[in-house]
Amino acid sequence: MPRIVQVWDVPVRLFHWVLVVLVVFSYTTGQLGGNWLAWHFRSGYCILALVLFRIVWGLFGSQTARFSDFIHGPGRVIAYARSLLKGASMFHAGHNPMGGMMVVLMLVLLLVQAVTGLFSDDDAGTRAVLADKVSDSTVSLLSSIHRINVNIILACVVLHVCAALFYLLVKKDNLIKPMFTGHKLVPDEHPAPALAGAVPALIIVALAGAFVAWLVFVYAR
Amino acid sequence: MKRFTVALLCLAGLISLSAQAQMKPEDAIKLRQSAMKLIGYNFGSIGAMVNDKKPYNKDEAIRNATNIEGLVSQPWEFFIPGTDKGETKAKADIFKDADKFKAANERLQTEAAKLLQVSKSGDMAALKTQFGATAQACKNCHDNFREK
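Residues numbered from 1 in each chain as written. Chains lettered and ligands numbered in written order. Predicted model: local features only at pLDDT ≥ 70, side-chain atom pairs only at ≥ 80, totals over all residues. Heavy atoms only, no water.

**Quick word on the interface of chain B and chain A**
For an interface, size is often stated in terms of accessible area lost upon the parts coming together.
Then, number 1: If you look at the interface, chain B gives 16 residues, while chain A gives 18 residues.
Then, number 2: In this assembly, chain B packs against chain A so that about 1,300 Å² is buried in total across both faces, 46% of it on carbon and sulfur atoms.
Then, number 3: Sorting the residues of chain B by area buried against chain A places Gln136, Lys139 and Lys148 of chain B first, and these three jointly supply 41% of that buried surface.
Then, number 4: Between chain B and chain A we count one salt bridge in total.
Then, number 5: For the salt bridge of Arg146 of chain B with Asp123 of chain A, the shortest nitrogen-to-oxygen distance reads 2.8 Å.
Then, number 6: The interface formed by chain B and chain A holds eight residue pairs in polar contact (both at pLDDT 80 or more) in total.
Then, number 7: Sorting elements by how many residues they give to the side of chain B that touches chain A places helix H6 (residues 124–145) of chain B first, with nine residues. (Contact = heavy atoms within 4.5 Å. Buried area = accessible area lost by both parts, 1.4 Å probe. Salt bridge = Lys/Arg side-chain N within 4 Å of Asp/Glu carboxyl O. Polar contact = N/O pair within 3.5 Å; in protein donor to acceptor, adjacent residues only side chain to side chain. Helix = DSSP H or I, 4+ residues; strand = E, 2+ residues; numbered from the N terminus.)

And the structure:
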């Protein structure tokens, strides 16, 4: 008998939805420009801290949060993609092999976006906090990467949402609700994943936040 | 009389066209980039003041805004056809969609004129608001007509 099991811990779920809000906010304020950039910067600092947290949580966090749980070789990814199209896809308590690739891709893209942002100049009177630390040609290059990478992130977001809708509507597998509640209907043969506590997560968040704050308010001055 | 005026305008157009044609594309690119850099320098100075990165100084802000107001119409004279190639980020759309490009330039000129006006008031909060509006005019044109 399948039973209801908690597969996503609180840190992963909070990370996901806070990130959604911040990415939308960053995109909007970035497009608006002008004095909205002050908010764009703050949002970017938060995203950087969150991504750093998620990378560490991917190494030491709950089982379903760990990279080792959802990064697979190309063979398994292809096998999963095939099973998906046939209709009888393999069950995964955490991220499936394709979703896992998207997690890694998004984290890398967001890290690139947040870091290049720190060194950017909008060529409209506003310089980011670390722009004076590097040469003008570096600022110009990193600003360009920042402006191009946002579109790659946007494409990934669209793909990610489409995939979630594909599972919901075609596969009749609601992956969105568990990202809110944390719980999934898990077949008997799959053991419940081991979840880490909230205290280590809080410590990692605090350290990531402190590092970004130091970078932005101490090192940059 | 009307016909004479039209003829005169045509002549003036021809003269300015030939003046542009004489300029080497690489010179036009350098000239407009220099003007952009000067605008950027002055605008960045106001940006630093209104974002508390350097102390606010009314006279300096007025000087910056005066320079900007004088310079914003300058680069556009050097966007002559063919200069979207070479050491430039200018897109070909500048020439394909000339009306939109002109409107973007006019928007900046309007905002820059307001910036100068506001800078004279000595009201830093108002200067910050107008800085934002002017920056958005810069960005509007960059987004549409400049390679990322």
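**A closer look at the state of the cysteines**
Then, number 1: Under the defined criterion, the tally for this structure stands at zero disulfides over all chains.
Then, number 2: In this model Cys162 of chain A remains outside any disulfide bridge; the closest cysteine sulfur is found in Cys156 of chain A, 12 Å from its own.
Then, number 3: Cys162 of chain A sits in the partly exposed class, given a relative accessible area of 44%.
Then, number 4: Cys141 of chain B carries a free sulfur, and the closest cysteine sulfur to it, the one in Cys138 of chain B, is 8.9 Å from it.
Then, number 5: Taking the relative accessible area as the measure of exposure, Cys141 of chain B reaches 10% and is therefore buried. (Disulfide = S-S within 2.5 Å. Buried < 20%, exposed > 50% of the residue type's maximum accessible area, 1.4 Å probe, protein only.)

**Quick notes on a negative patch on the surface**
Residues and elements named next belong to chain B.
Then, number 1: On the surface, Asp93, Asp97, Asp99 and Glu147 cluster together into a negatively charged patch.
Then, number 2: You can see Asp97 is positioned in the loop between helix H4 (93–96) and helix H5 (98–121).
Then, number 3: The class of Asp97 is partly exposed, set by a relative accessible area of 36%. (Patch = residues over 30% accessible without salt bridge, like charges linked within 9 Å, V, L, I, M, F, W, Y side chains within 5 Å. Areas by Shrake-Rupley, 256 points an atom, 1.4 Å probe, with all protein chains shown as cover. Lys, Arg positive; Asp, Glu negative; His and termini not counted. Charge placed at Lys NZ, Arg CZ, Asp CG, Glu CD.)

**Focus on the packing of helix H3 (residues 58–71) of chain B against H5 of chain B**
Residue and element names in this part refer to chain B.
Then, number 1: Running from N to C, H3 and H5 cross one another at 165 degrees; their axes reach a closest spacing of 9 Å. Comparing the axis directions of H3 and H5 gives the class roughly antiparallel. Where H3 crosses over H5, the handedness of that crossing is left-handed. Where H3 approaches H5, its residues Lys58, Ala61, Ile62, Ala65, Thr66, Ile68 and Glu69 are matched on the opposing element by Ala112, Ala113, Leu115, Leu116, Ser119, Lys120 and Ser121.
Then, number 2: Residue classes in the contact of H3 with H5 are distributed as eight nonpolar, three polar and three charged. (Axes fitted to C-alpha atoms, helices over the stretch in contact; angles between N-to-C directions. Parallel < 35°, antiparallel > 145°, perpendicular 65-115°, else oblique. Left-handed = near helix turned anticlockwise from the far one by under 90°. Nonpolar A, V, L, I, M, F, W, Y, C, P; charged D, E, K, R; others polar.)

**Considering helix H2 (residues 25–50) of chain B**
Then, number 1: Here H2 of chain B is 26 residues long and its end C-alpha atoms lie 37 Å apart, about the 38 Å a rise of 1.5 Å per residue gives.
Then, number 2: Positive backbone phi, at 60 degrees, marks Asp52 of chain B, one or two positions downstream of H2 of chain B. (Expected span 1.5 Å × (residues − 1).)

**Section: the confidence of the model for chain B**
Residues and elements named next belong to chain B.
Then, number 1: On average, residues of chain B carry a pLDDT of 89, and 86% of them reach 70 or more.
Then, number 2: The lowest-confidence element of chain B is helix H1 (residues 2–22), averaging 55 in pLDDT; the highest-confidence one is H3, averaging 97.
Then, number 3: Per the prediction output, this complex has pTM 0.90; the corresponding ipTM is 0.86. (pLDDT = per-residue confidence, 0-100.)

**Points about a nonpolar patch on the surface**
Then, number 1: Where nonpolar side chains cluster on the molecular surface, the patch consists of Phe211, Trp214, Phe217, Val218 and Tyr219 of chain A and spans about 520 Å² of accessible area.
Then, number 2: The topology assignment puts Val218 of chain A in helix H8 (residues 198–219).

**A word on unusual backbone geometry**
Then, number 1: Look at Lys172 of chain A: it is not a glycine, yet its phi comes out positive at around 55 degrees.
Then, number 2: Examined against the element boundaries, Lys172 of chain A turns out to sit in the loop between helix H6 (136–169) and helix H7 (176–181).
Then, number 3: Accessibility expressed as a relative area gives 68% for Lys172 of chain A, which makes it exposed.
Then, number 4: We note that Asp52 of chain B has phi near 60 degrees; this positive angle belongs to a residue other than glycine.
Then, number 5: Its place among the elements puts Asp52 of chain B in the loop between H2 and H3.

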